[in-house]
There are 2 protein chains.
Amino acid sequence: MAEQPRGSVTLMDVAARAGVSLATASRALNGSTRRVGDDLRERVLAAARSLNYAANAQAQAMARGRTNVVGLVVHDIADPYFSSIAAGVMEAAEGHQVLVTLGSTLRRPEREVDYLVALRGQRSRAVILAGSRMDDSPVADALRREIDIFENDGGNVVAISQKQLPVDTVVIENRLGARDLATELVGLGYRRFGVLAGPDALLTARDRVHGFREGLGRSGVDLDPAFVVHGAFTRDGGHQAMSTLLDRIGELDCVFAVNDVMAVGAMAAAREHGLEIPRDLGLAGFDDISTLRDVNPALTTVRLPLEKVGATAFELVLSAAERTKPSTRRIKGEVVLRQSTRPSPA
Amino acid sequence: MAEQPRGSVTLMDVAARAGVSLATASRALNGSTRRVGDDLRERVLAAARSLNYAANAQAQAMARGRTNVVGLVVHDIADPYFSSIAAGVMEAAEGHQVLVTLGSTLRRPEREVDYLVALRGQRSRAVILAGSRMDDSPVADALRREIDIFENDGGNVVAISQKQLPVDTVVIENRLGARDLATELVGLGYRRFGVLAGPDALLTARDRVHGFREGLGRSGVDLDPAFVVHGAFTRDGGHQAMSTLLDRIGELDCVFAVNDVMAVGAMAAAREHGLEIPRDLGLAGFDDISTLRDVNPALTTVRLPLEKVGATAFELVLSAAERTKPSTRRIKGEVVLRQSTRPSPA
DNA sequence: TCTCCGTAGGAATGCGCTTCCACGATAGAC
DNA sequence: GTCTATCGTGGAAGCGCATTCCTACGGAGA
């Protein structure tokens, strides 16, 4: 029953085997406004089954003029921040007959544009840009331009992070989260802060620094710019930035790393330097990466529901057709105090 | 210069604007055996640029009879094991004009078959099955059957993990790695072992347990089956399995978790139980997940070059055309002793 | 019995592109 | 100088499918 002509089975093969026309076979398999008689439909389905027919998605896309492909562009899929978002997207996509094409810029944000072009070539119905926006006008302009073209082609674009582009956006409240964190840390009695700030051009990093400074300011605490050290948004970046800070560590009582991955690097650097956390120094991160929840001492951080972020982005993709104006969803973080900062004085 | 008709620009638009035929426009843009005169080629390229032309990949796929899409199917993209492999794949794909479609089975291995069908519909030129094979005949049979069909359609399949299917495979030497680890642990003086074994049906987990037992055996040490606890292949699985073991922890001096993620969960469980590692108990993992390298105490583990695994898989995809027989690449792990086990007696 | 309408099935068209084939022109061989 | 390769170009077929349009058929109403 499962004879298999060499090469792909086409709808014509199915139709021939069922003894019906192409049109009928198509209608039987995909449903349509038109109805197909029960006997014929059965014949077609049986034929398709026995031939292991899988409709050629390219041909369907051509005929229908649309695809079921969604692009997901991240900066680094190995980074748990992005892989969590990706997991959220994949889970939301489950059962929606959508295929997700993954793009990884390898931390070169200008490559987002290349992926946008490639995904336009695929006639993707949407693309999710998961990475932080940059403070880099040439790149941003090129991206904006390419987004226009993509949308003009009928595609939908969803950004995650900052509302910087006129597209559907899942805004992550970095500023607010960092502000809350600062407030809590001051509440714990910390006063002299250092910040491992990430790349300055990365708006996610910058927003967190700004928010943190703002939160300190509201509590009447100053952040000395000399104690704000920039570095890569990675474990090694955190390690390195922390090492820089360690020269003057005596003047500090708490360090905020703008993400957990950096915080872990910083923790290692502190340990190598003989510092004990939180006894000698408080340390806080951002994101609450689940893989990192078991580091010891446990990181005080700002919890971001990253999988939900991904899922929300995907929902925006699905519902895009019903909207004419870009929509914004805000996702808030929640401060989680753990052992990497001293216990509450209460 | 950048006027943009609404909807997609087609090759016909480009040809018309350049005042040449469709055939010439196609040849100028994509190269071909036939050459196009310099002046005409320039005209075509200029037209394409000014119209923001991006070739319809679906149409190209139809006409050419092949695509540049490669599928990557993992069990859970949020798991650092898989996201590292994915990163390796993405990096290797860089610059090869290949688009990667991501599939996530959400830890339901039977869904691999569904993805295979979907990717066959896309006429993917290859698919990488990154997850462990299972000891589950119905599922394995269905998979084998679908792989046959996929390959008969001209696609190439690459598996990562066990050589269990007649396809190109990146074999991970789980057994060997676990054996070496056992030897080293015995060398450190440990004698009474417990194992957090993961799901029994998962061959990766099972191989590691077998290898570990084998290694112990070679050193004349027995592994009491009562101390082999199965559980999920996740952090929580490790935590839970460890909790089970903790009742009889007095009889053990070292625990091997079959992957790092479980080891970290186990470490948390031990800590909650008041045990100090490595003073009260040695603990070892497997994989050497980079995100987890900074846990404290640092994990003794078996380092797997996961990004290289992904990259190797991708290379197999690229070189598939030149082979007729399935090829196998073996990737070995390397024992890394760290602070979660006691220092060498030497 | 005849006409009209609703319906199921089939033929034909077109989606955007690659590529085979044909054609004319130019260059090289005799 | 004519004859045959060679090369650049255009024409047109066809990839696999959805869909529109058309036809044939059958039942209901007159």
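Calculation notes
- Residues numbered from 1 in each chain as written.
- Chains lettered and ligands numbered in written order.
- Predicted model: local features only at pLDDT ≥ 70, side-chain atom pairs only at ≥ 80, totals over all residues.
- Heavy atoms only, no water.
- Pairing = 2+ DSSP bridges.
- Helix = DSSP H or I, 4+ residues; strand = E, 2+ residues; numbered from the N terminus.
- Contact = heavy atoms within 4.5 Å.
- Buried area = accessible area lost by both parts, 1.4 Å probe.
- Salt bridge = Lys/Arg side-chain N within 4 Å of Asp/Glu carboxyl O.
- Axes fitted to C-alpha atoms, helices over the stretch in contact; angles between N-to-C directions.
- Core = buried A, V, L, I, M, F, W, Y, C linked by side-chain atoms within 4.5 Å.
- Buried < 20%, exposed > 50% of the residue type's maximum accessible area, 1.4 Å probe, protein only.
- Right-handed = clockwise from strand over helix to strand, strands pointing away.
- Least-squares fit on C-alpha atoms with pLDDT ≥ 70 in both.
- Near = heavy atom within 4 Å.
- Polar contact = N/O pair within 3.5 Å; in protein donor to acceptor, adjacent residues only side chain to side chain.

- Chain A carries the name LacI family transcriptional regulator in an unreviewed UniProt entry, which gives Jiangella aurantiaca as its organism.

**Some words on the sheet that holds strand E8 (residues 254–257) of chain A**
Residue and element names in this part refer to chain A.
Part 1: Taken together, the 4 strands give an open sheet; going across it, the order is E7-E6-E8-E9, and neighbouring strands pair in parallel fashion. In this open sheet, the two edge strands, each paired with only one partner strand, are strand E7 (228–229) and strand E9 (282–284).
Part 2: Sheet topology note: the strand E6 (residues 193–196)/E7 ladder contains 2 bridges and is parallel. Opposite Val195, over in E7, you have Val228 as the bridge partner.

**Considering the interface of chain A and chain B**
Part 1: Across the boundary between the two partners, chain A contributes 58 residues, which contact 58 residues of chain B.
Part 2: Between chain A and chain B the total buried area reaches about 5,000 Å² when both faces are included, carbon and sulfur atoms providing 53% of it.
Part 3: Where chain A meets chain B, there are 6 salt bridges.
Part 4: For Glu94 of chain B, the salt bridge identified is with Arg111 of chain A, shortest N-O distance 2.4 Å.

**Considerations on the sheet that holds strand E8 (residues 254–257) of chain B**
Two modes of strand pairing occur in sheets, parallel and antiparallel, and in both the strands are linked by backbone hydrogen bonds.
Residue and element names in this part refer to chain B.
Part 1: Pairing is parallel in the open sheet, where 4 strands are placed in the order E7-E6-E8-E9. In the strand order of this sheet, the two ends are held by strand E7 (228–229) and strand E9 (282–284), each with one partner.
Part 2: Sheet topology places E8 next to E9; 3 bridges connect them, and they run parallel. Among the inter-strand pairings, Cys254 is bridged to a residue of E9, identified as Gly282.
Part 3: Sitting on the sheet, helix H9 (residues 203–218) is in contact with strand E6 (193–196), E7 and E8, with an inclination near 170° to E6.
Part 4: Contacts from helix H10 (residues 235–246) reach E6, E7 and E8, with the element oriented near 145° to E6.

**Describing the nonpolar core**
Part 1: Judged by nonpolar contacts, the single largest core of 200 residues is most densely connected at Phe193, Phe212 and Met242 of chain A together with Phe193, Phe212 and Met242 of chain B.
Part 2: Excluding residues within four positions of it along the chain, Met242 of chain A makes contact with Leu196, Ile249, Val255, Ala266, Ala269, Ala270 and Leu281 of chain A.

**Comments concerning the pairing of strand E4 (residues 156–161) of chain B**
Residue and element names in this part refer to chain B.
Part 1: Counted residue by residue, E4 has 6 buried out of 6 residues, so it is predominantly covered.
Part 2: After leaving strand E3 (residues 126–129), the chain enters helix H7 (residues 137–152) and then returns to the sheet as E4, a path that is right-handed.
Part 3: Inspection of the sheet shows E4 paired to strand E5 (residues 168–172) by 4 bridges, in the parallel sense. Looking at E5, one finds that Ser161 is bridged to Val171.

**Comments concerning the relation of the copies chain A and chain B**
Part 1: Overlaying chain A with chain B gives an RMSD of 0.1 Å, the required rotation being 180° about an axis along which the chain moves by 0.0 Å. Overall, the copies show the geometry of a two-fold rotation axis. Distance from the rotation axis, computed per C-alpha, reaches its smallest value in chain A at Thr101 of chain A: 2.1 Å.
Part 2: In this assembly, 100% of the residues forming the interface of chain A have copies in chain B that are likewise at the interface, indicating an isologous arrangement.

**Description of the protein's contact with DNA strand C**
Part 1: Within the structure, DNA strand C sits among 27 residues, and Arg34 of chain A together with Leu11, Ser26, Asn30 and Tyr53 of chain B are positioned closest to it.
Part 2: Of all atoms in DNA strand C that approach within 4 Å of the protein, 62% are sugar or phosphate atoms.
Part 3: In the model, a phosphate oxygen of DNA strand C is placed 2.6 Å from a nitrogen or oxygen of the Ser26 of chain B side chain.
Part 4: Within the side chain of Gln60 of chain B, one N or O atom sits 2.7 Å away from a phosphate oxygen of DNA strand C.

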